[in-house]
Amino acid sequence: MGWTTLWLCVLALPLTSAIQVKARKARQSNHVNSICSTWGREHFKTFDGDVYQFPGTCEYNLASDCHSESYQEFSVHLKRNEATEAEGNPTVKHVVVTINDLVFHLTKTQVAVNGEIVTLPYYNGGVQLERNAVYTKLYSKVGLVVMWNGEDAVMVELDTEYTNRTCGLCGDFNGLPVHNEFVHNGRKVSPIEFGNRQKVHRPNEVCEDPYEEEEEDEPHAQCDQLLRSPLWSSCGAVVNAEPYIQACVQDLCGCSNTSDSFCVCSTLSEYSRQCSHAGGQPPHWRTTAFCEKQCPFNMVYLESGSPCMDTCTHSDTSSLCEEHLMDGCFCPHGTVFDDISKRGCVTQDQCQCKHDKVYNSGEVFRQDREECVCHHGQWSCKSLPSPATCAVEEGSHVTTFDGKAFTFHGDCYYPLAKVESKFTVLVQLVPCIRQKFDTCLKSVVVLLNNDRNNALVITADGKVSHNAQITLPYNTADISVFKPSSFHMMLQTSFGLQVQIQLVPIMQVYVTLDESYKTKTQGLCGNFNKVLSDDMKTPQGMVEGTASSFGNSWKANPTCRDREERLDDPCSLSVENENYAKHWCSMLRSSDSTFAKCHAMVDPELYYKRCTYASCNCEKSEDCLCAVFSSYVRDCATKGVVLSGWRENVCDKYIGNCPASQTYSDQLQRCQLTCSSLASKSQGCTNDFLPVDGCSCPDGLYMDDRGTCVPMDKCPCFHNGVHIKPGKSINIQEEHW
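Residues numbered from 1 in each chain as written. Predicted model: local features only at pLDDT ≥ 70, side-chain atom pairs only at ≥ 80, totals over all residues. Heavy atoms only, no water.

Asks: For the pattern of salt bridges, give the residues involved together with the corresponding values.
Replies: Any two side chains of opposite charge can pair if their charged atoms end up close together. Counted by the stated rule, this structure contains 28 salt bridges. Glu242 is paired through a salt bridge with Arg228; the nearest N and O atoms lie 2.7 Å apart. Taken together, the positions of Glu242 in helix H4 (residues 242–253) and Arg228 in the loop between helix H2 (221–227) and helix H3 (233–236) put the pair 14 residues apart, joining distant regions of the chain. The exposure class assigned to Arg228 is partly exposed, which follows from its relative accessible area of 46%. Close ionic contact of Arg273 with Glu270 constitutes a salt bridge, the shortest N to O distance being 2.9 Å. On the criterion of helical spacing, the pair formed by Arg273 and Glu270 is a turn pair, its members being three residues apart in helix H5 (residues 262–277). In this structure Arg273 comes out as buried when scored by relative accessible area, which is 12%. (Salt bridge = Lys/Arg side-chain N within 4 Å of Asp/Glu carboxyl O. Helix = DSSP H or I, 4+ residues; strand = E, 2+ residues; numbered from the N terminus. Buried < 20%, exposed > 50% of the residue type's maximum accessible area, 1.4 Å probe, protein only.)

The structure is reproduced here in structure tokens:
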């Protein structure tokens, strides 16, 4: 397409030195000399302050790093649409920014990075790309900022390190107006010639260069009156208005439709922007009838405001902002932007909070050990009195009430938690029968009132005795012992102690205490004072440095032999065991496994290390591996993440071993359903414990004394300890039942 458009007029002075900033040392906000811009139909301002007109509609190099022929740190290209009667005024069709190996292609409706469309905001490779109500803005750590209003105006700002290193329509950034752009080797270069040199040649693109036009003088009384009025006095003090007056005239005489506000507004907008860049205060010059700008929601358009917008979630952003003031859509004074529900600008007391869902001001959210109240968009949280849990897992891995973890291979009875005159929880640790390097938890003993004659003993085979062997469920005035599933046993008390014992695949124990016992405990579980550094305190009050010396100090029987510290890696003893452990334990870390759902709440790395250690060290590798998996699942449950179906691809042999009348579930959180419990006058247990897995009777069925799940009407009755079969009748106090 040839250049057949007849330009109605061309400025007599097509090239002028635009920005003659009146330097004042106190105005640190003046950064206009590091900015290049283009706007309107054909206007450009170089880094060095030259304003010129170039009407080309090909793709051009706006600004590039040209100091080296072999390496270009960045480039900014643009292409304008041609103005037509159908489409109206010319706009920028696209902007292409290349930074190292990233290519950003910006259009009015979308952004592509290396050919792939992305959503904003976008962060990658030291580049931040975002869009607000007016501008698409690209920041780069190489010292480049590019802004485009989606229409006619593009701005490029560079760090001073690029001085005398650039090329393109923005010039060489050498601080000298005219020189090297429009006067080269003593020869005058016209803006058209200079602009055509910056053309970017694209394959199969047909685009003709603009040509020189005859220069004519034109009066500019209207433009002079607009830009030199007292309204713009602050800008006139820091920016030379003459180049913009001439650009305004160029717009007016080149615009066939004199009623089109674009003819004047684009240059007035640029003058306002340059005024703000130079540290001036642009006036509120727009009206509803003249160059009006529309904003979304209830925002207002300002000529100069902080680009760091205060929001409900970040209410003090503007006070910490180091960016330059700019034009755009802003919230009215006294309001912040609602970045949670996107309701526009609201007062701070109307702000909401968000955590999985939206909370209004005053609403409460509780999780784990915290209670948080939404207050004017900010969470105000406090710690709640909460129990703490100590665990012995895989026979040798101990986690204290305060969260300190250590490995101890014991061979004796050891107190886990002892509270004077209340209770003591002991564990019996022994070397496993067929694997001398492995340690097994053989039994758990609870001394009620610290009385050795009032001991509750639970062994690894699931047997329970309280001075004599008992059947479950078992209730007294202060304790309740029951099995919520075939895999787990629970001891609940009236005095703030709860003991959960896992029986399958191996024995593990979890001791939970109310916060009322804080600082009152002793033993392998530490002193429950929320301080990890003193958890390894001996009965004599000394803090040991190794797990073995700490564990040995707590032997319940002084004749037991001391244990030595194990520093070797059990996986180094068998390549086969190591390969097995790494293969199966890697499921904990896999992003494709069921466990991935909990990775954000519980780091799987610690459990992976425990898993490989236990699998290599254990007599039955699969049992220990599955024990670690179940420990991870339990830890996730304490953080509110329930992992259902985790046994589908691993440790599934335990699912199929349920007795004929029972079913497997991984979400059991109820008392033991037995026929004898129906006859009990009081239900001693509560469901105040984490969900467990295992085999149990289906809903509506109860386990009889033969271990079979039956309906309620098939359960026997009990009278004075005597079983009465279903259908039988007896006389009680001369009444027939």
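From this point on, the discussion continues.
Asks: Would you mind going over the environment of Ala468 in detail, with residue names and values included?
Replies: If you trace the backbone, Ala468 turns up in the loop between strand S35 (464–466) and strand S36 (469–470). For Ala468, a relative accessible area of 45% translates into the label partly exposed. Along the chain, Ala468 and Gly56 lie 412 residues apart, while their C-alpha atoms are 100 Å from each other.

Asks: Help me get a handle on the sheet that holds S35, residues and values and all.
Replies: Pairing in this open sheet of six strands is antiparallel, and the strands run S31-S32-S33-S34-S35-S36 from one edge to the other. Across the chains shown, the open sheet's two edge strands, defined by having one partner strand only, are strand S31 (412–419) and S36. Sheet topology note: the strand S32 (residues 423–431)/strand S33 (residues 439–448) ladder contains nine bridges and is antiparallel. Residue Leu429 lies in a different strand from S33, and its bridge partner there is Leu441. (Pairing = 2+ DSSP bridges.)

Asks: Residues and numbers for the state of the cysteines, please.
Replies: For the structure shown, the criterion picks out 24 disulfides. A disulfide bridge connects Cys66 with Cys167, and the sulfur atoms are separated by 1.7 Å. Here Cys66, found in the loop between strand S5 (59–65) and strand S6 (74–80), pairs with Cys167, found in strand S16 (residues 166–167); they are 101 residues apart in sequence, far enough to count as distant. The disulfide bridge from Cys626 ends at Cys651, spanning 2.0 Å between sulfur atoms. In this structure, the disulfide formed by Cys626 and Cys651 twists by about -100° around the S-S bond and is classed as left-handed. One end of the pair, Cys626, is in helix H9 (residues 621–638); the other, Cys651, is in the loop between H9 and strand S42 (663–668), with 25 residues separating them in the sequence. (Disulfide = S-S within 2.5 Å.)

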